[in-house]
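Residue-level structure breakdown
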Amino acid sequence: MNLIKNKQCQPRTSILCLAITSLLVGCNGNKQESVAAIPLDKTAISTARAPSNIDIWPTLDIEVKTDVDIERKVASLLATMNLEQKVAQMIQPEIRDITVDDMRKYGFGSYLNGGGAFPNNDKHATPDDWVKLAEAMYQASIDDTLDGNSIPTMWGTDAVHGHNNVIGATLFPHNIGLGATNNPKLIEKIAAITATEVMVTGIDWVFAPTVAVVRDDRWGRTYEGYSEDPEIVRDYSAAIVKGLQGASDKDFLGDKRVISTVKHFIGDGGTEGGDDQGDNISSEQELFDVHGQGYVGGLTAGAQSVMASFNSWHGSKVHGNKYLLTDVLKGKMGFDGFVVGDWNGHGQVKGCSNESCPQAVNAGLDIFMVPTDAWKPLYENTIKQVKSGEIAQTRIDDAVSRILRVKFRAGLFDKPSPVNRALSGKTHLIGATEHREVAQQAVRESLVLLKNKGNLLPLSAKQNILVAGDGADNIGKQSGGWTITWQGTNNFNDDFPGGSSIYDGIEQHVAAQGGNVELNVDGKYSTKPDVAIVVFGEEPYAEGVGDIENLEYQQGIKQDLVLLNKLKSQGIPVVSLFISGRPMWVNAELNASDAFVAVWLPGSEGVAVADVLFSKKNGDINHDFTGKLSYSWPATANQTKINRFDQESQPLLPYGFGLNYGEPNVLTDDLDVSTDRMSSSLQSITLFESSVKSPWKMMISDSQSTSTMTSSIIENKALYLRTIDRNVQEDARRVIFNGTEIGQVAFTSTSATDLSPYSKVNSTLELTVRLTESQNLAEQQVYLSMDCGEQCLGKVNITKALSLLEVKQWQTLNIDLRCFEKKGADLTKVNSPFVLSSAGKLTIDFTDVFIRTNSIDSVNVSCD
Ligand code: BGC
Ligand code: BGC
């Protein structure tokens, strides 16, 4: 393998440098002087802090050129606008927080629906419901009776693997799988299909592509990146932008195209520790060479918007970083579209809140993405800040010019209203067969064969086949985060009309060739199978909820490994299909498998996996494996930062690896399964961190019923439970017990966990809680219990501990596990390690629940 380091764009022999040079610009100098006689806010640029090294950044030869006619229109429209109208263009609220009347009154320049936000709050909203909302918002925006403004608004959405908020849409593999296909042509087609399905619902603008180059796979957004290396990302970025927006010389932003957003600028994939929204401490050269390449590709192809990133660069949040947003992006690189913020990201800039942030506008942010009810104070404060001179009028004019320029380019002033557009309401295009076929091709090309002992694959479909594992017939699990809901959780096969599970494909092949197939999640069977296909892997997650501490798959309770070993011990050959949003340390699972395929997150077309697994009836290969790792596969749980060209350590399987049929197998059955952490015996168990961790589910009960929490709010006769924000979105829960009868919130699993080893090593149940107001706790008894099945419960009274807490402060409680034993729990078979119950009337917020080892010194809840 070529080991030239790609960290620097020097020496000039670097592959990356050559590639970029041939694409458009030189590295370090050699720029083409070109583009954009745009009304940039020159004062802003010239007064900026002297840049560290702006020469690192090229001036791009952007395909979409300045159009004098459009510039004239922008200038004359701008000249008619008052300050309120201008600031309204810069405010982007969310559909859950504004009404159509708000749109009429304020005339927002744009609005969005966040992940899992639907018209009428209805998950099953039809394409017509989407168009109706688009039409109502559009009509309200051009209605000038209240605000004197008739500029069309635009709707932005996260169509990040197909139009993923809409029931029935074609869902493509997540980006990590597309990276493995290494096929820019296919990627352009996928983007064009996504644009079509988005246009059917009347939406104008898509928040994609994500061009993060992911350097530490602990990051919860690893699967949103195409690769750990910039090469594929740069090429794909251009292809996707063309697929979404159309080519600049053809149907650029025509009737069937949407505005695209290259995100998240810049350095999102390179934060320390893979921490979502964290700090990137790369040198400026590396920021460009690694994290900047998606912008080189996407902006050159003419992307009209860029989303600012939540992350910081050397401690400075990008939303407030003038050097990066203004000097580099708009100034040096020559980007003349607009910069949109990310989900209240401006509120994280030093000295800002969600409601006020002149710093971000001054740094170069053009549109505030401001969900929640913060939009109104933000709008008012921004107006005040312009009046007081805190924000220069020239900066506002620059921002609004950029927004209007894109609206003119997108034809928004000429296109008919959403309901009358070319594709609107053409419901048959949502999830159309031709679209699904392209997605199926992508699934086939994304699969990476890691192990194939004795050429077990391809399989004949004429045998007795057992299909096991909780991912086998589970379209929600195989689709991952950003699928109908934000986290991708709580989706069932019925939520994917027209879609298919991995099992569906296996069944079709077997039926066509005359074999037998049995589906059993736990691996039980009636006839001993010739081969078992086990489908397992990560549960869906999105953003920071998916951040992890190391790459070990199933820490603590290795249920899937137990299943694989059970089958293996019965002499059944095992094919593992591993669903995941990142490479993981699965040495034990690899050892227990004869064949092992990384299937990533294939989306709604699970059926296509079997096309590659099975041979044709005559034994010939049907589809060969062509997928290659676009991320290095780790040899240990702690090899989280191993990347292409890394010279310091070797991965288990390198970037670019992927077996074809007939190629010699390389992985043996005796890979090292010891970990650093295993030697230090028991590991703490995370029960809840932003979400409940598998295998537990959050359930609530009253005297008559028990239900699972499947949305952000749930209630019963005894209580009301909802998600709340502590540090980031929806990372904590609030439970309001109403005092009418006993209610409980529990983390429950159908399988029991043996926690007895934990009580022997001085472990505690740790949780972080907050009381929102002083409550008369004397009369409200509150309990924390561990449940171990019929007549088996250990119930600890925590009322006193709660009453000692300071109100409105998050504080940590630690209960010795032996307390639960003393109160009657049998820790060898715990179904629910956390049961919070009360018959009283009180409100408790909670987050971060763990079984902590060796934490006896922190105990602060007494046992009696
Ligand atoms: C994500 C963005 C997304 C936005 C809107 C943010 O939290 O970082 O990628 O576009 O939400 O849903
Ligand atoms: C919202 C999602 C949104 C996400 C962005 C969540 O709190 O419910 O709709 O996309 O934040 O990070």
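1. A look at the sheet that holds strand 8 (residues 312-313)
With respect to topology, three strands assemble into an open sheet ordered 6-8-9, the strand pairing being mixed. The strands lining the two open edges of the sheet, one partner per strand, are strand 6 (279-280) and strand 9 (316-317).

2. Things to note about the site of ligand 2
Taken together, the neighbourhood of ligand 2 is formed by Arg96, Gly114, Gly115, Trp343, Trp482, Trp486, Glu543, Gln729 and Glu730. Measuring from an oxygen atom of ligand 2, one finds a side-chain N or O atom of Arg96 at 2.6 Å. Compared with its free state, where it exposes 310 Å², ligand 2 has 92% of that area covered by protein.

3. Focus: the nonpolar core
Of all hydrophobic cores here, the largest spans 206 residues; its most connected members are Leu457, Ile533, Leu577, Phe614 and Trp633. Phe614 has contacts with Pro458, Leu459, Ser460, Ala461, Ile465, Ile506, His509, Val510, Ile533 and Asn622, leaving out every residue within four places of it along the chain. Among the nonpolar cores identified, the runner-up in size contains 49 residues, and Phe737, Ile798, Leu805 and Val849 belong to it.

4. Let's talk about the packing of helix 10 (residues 284-291) against helix 11 (residues 293-300)
Taken N-terminus to C-terminus, the directions of helix 10 and helix 11 make an angle of 55°; their axes are 4 Å apart at the nearest point. By the criterion of interaxial angle, the relationship of helix 10 to helix 11 is oblique. Packed against helix 10, whose contacting residues are Phe288, Asp289, Val290 and His291, the element helix 11 presents Gln293, Tyr295 and Val296 at the interface. When grouped by side-chain class, the residues that make up the contact of helix 10 with helix 11 number four nonpolar, two polar and one charged.

5. Quick look at the pairing of strand 23 (residues 719-724)
Inspection of the sheet shows strand 22 (residues 713-715) paired to strand 23 by three bridges, in the antiparallel sense. Its bridge partner being in strand 23, Ile713 is matched across the sheet by Arg722. Counted along the chain from strand 22 to the antiparallel partner strand 23, the turn is three residues long. Here strand 23 runs beside strand 24 (residues 732-738); their pairing, made up of six bridges, is antiparallel. From the neighbouring strand, Arg722 faces strand 24, where its bridge partner is Arg734.

6. Concerning unusual backbone geometry
Look at the link from Lys263 to His264: it is a cis peptide, with omega at -5°. Locating His264 in the fold gives a position in strand 5 (residues 261-265). Residue Pro695 is reached from Ser694 by a cis peptide bond, and omega for that bond is 5°. Of note, Pro695 is situated in the loop between strand 19 (691-692) and strand 20 (697-701). The residue Gln791 is not glycine, and still its phi comes out positive at about 55°. For Gln791, the position within the fold is in the loop between strand 27 (782-787) and strand 28 (793-797).

7. Quick look at the state of the cysteines
Across all of its chains, the model carries three disulfides by this definition. What pairs with Cys788 in a disulfide is Cys792, and their sulfur atoms sit 1.9 Å apart. Around the S-S axis, the bridge from Cys788 to Cys792 shows a dihedral of about -90° and counts as left-handed. The same class applies to Cys788 as to Cys792, namely buried. Covalently, Cys819 is tied to Cys863 through a disulfide, its sulfur atoms 2.0 Å apart. Taken as a pair, Cys819 in helix 25 (residues 817-822) and Cys863 in the segment after strand 31 (841-852) lie far apart in primary sequence, 44 residues in all.

8. Some words on the packing of aromatic side chains
All told, the structure shown has 26 aromatic pairs when counted by the stated rule. An angle of 65° between the planes, with centres 5.5 Å apart, marks the rings of Trp57 and Phe288 as edge-to-face. Taken together, the residues span a long stretch of sequence, with Trp57 in the loop between helix 2 (42-46) and helix 3 (68-80) and Phe288 in helix 10 at a distance of 231 residues. When its relative accessible area of 0% is taken as the criterion, Trp57 is described as buried. By relative accessible area, Phe288 is classed as buried at 2%. Both rings, one in Phe747 and one in Phe846, keep their centres 6.4 Å apart while their planes meet at 45°; by these two values the pair is tilted.

9. What to know about the site of ligand 1
Of all residues adjacent to ligand 1, which total 16 residues, the nearest are Asp158, Arg221, Lys263, His264 and Asp342. Within the side chain of His264, a nitrogen or oxygen atom sits 2.7 Å from an oxygen atom of ligand 1. Coverage of ligand 1 by the protein amounts to 98% of the 310 Å² it exposes when considered alone.

10. Considerations on helix 8 (residues 184-200)
The first and last C-alpha atoms of helix 8 sit 25 Å apart over 17 residues, in line with the 24 Å expected at 1.5 Å per residue. When helix 8 is considered as a whole, its buried residues turn out to be Leu186, Ile187, Ile190, Ala191, Ile193, Thr194, Ala195, Thr196, Glu197, Val198, Met199 and Val200. Immediately downstream of helix 8, the backbone of Gly202 shows phi near 80°, a positive value.

11. Quick notes on the sheet that holds strand 3 (residues 154-157)
One open sheet holds the three strands; their spatial order is 2-3-4, and the pairing between them is parallel. Only two strands of the sheet have a single neighbouring strand rather than two, namely strand 2 (110-113) and strand 4 (205-206). Sheet topology places strand 3 next to strand 4; two bridges connect them, and they run parallel. Across the sheet, residue Gly156 finds its bridge partner in strand 4, namely Trp205.

12. Some remarks on empty space enclosed by the protein
This model, assessed by the stated rule, comprises ten cavities of 30 Å³ or more. Roughly 180 Å³ of volume is contained in the largest cavity. Along the walls of the largest cavity sit 20 residues, with Ala159, Val160, Asn175, Tyr226 and Ile240 positioned nearest its centre. Breaking the lining of the largest cavity down by element, the ones donating at least two residues are helix 7 (175-181), helix 8 and helix 9 (230-245). Broken down by class, the residue content of the lining of the largest cavity amounts to 13 nonpolar, six polar and one charged.

13. Some details on helix 11
Where burial is concerned, most of helix 11 is hidden: eight out of the eight residues are buried. For helix 11, the full list of buried residues reads Gln293, Gly294, Tyr295, Val296, Gly297, Gly298, Leu299 and Thr300. Immediately downstream of helix 11, the backbone of Gly302 shows phi near 100°, a positive value.

Definitions and cut-offs
- Residues numbered from 1 in each chain as written.
- Chains lettered and ligands numbered in written order.
- Predicted model: local features only at pLDDT ≥ 70, side-chain atom pairs only at ≥ 80, totals over all residues.
- Heavy atoms only, no water.
- Pairing = 2+ DSSP bridges.
- Helix = DSSP H or I, 4+ residues; strand = E, 2+ residues; numbered from the N terminus.
- Near = heavy atom within 4 Å.
- Polar contact = N/O pair within 3.5 Å; in protein donor to acceptor, adjacent residues only side chain to side chain.
- Areas by Shrake-Rupley, 256 points an atom, 1.4 Å probe, with all protein chains shown as cover.
- Core = buried A, V, L, I, M, F, W, Y, C linked by side-chain atoms within 4.5 Å.
- Buried < 20%, exposed > 50% of the residue type's maximum accessible area, 1.4 Å probe, protein only.
- Contact = heavy atoms within 4.5 Å.
- Axes fitted to C-alpha atoms, helices over the stretch in contact; angles between N-to-C directions.
- Parallel < 35°, antiparallel > 145°, perpendicular 65-115°, else oblique.
- Nonpolar A, V, L, I, M, F, W, Y, C, P; charged D, E, K, R; others polar.
- Disulfide = S-S within 2.5 Å.
- Phe/Tyr/Trp six-rings, centres within 6.5 Å; stacked < 30°, edge-to-face > 60°.
- Expected span 1.5 Å × (residues − 1).
- 1 Å grid on protein atoms, 1.4 Å probe; cavity = no way out; pocket = protein on both sides within 12 Å on 5 of 7 lines; lining within 4 Å.
- Points joined across faces, edges and corners; volume = space filled by probe spheres on them.

What is shown is where atoms sit, not what they do.
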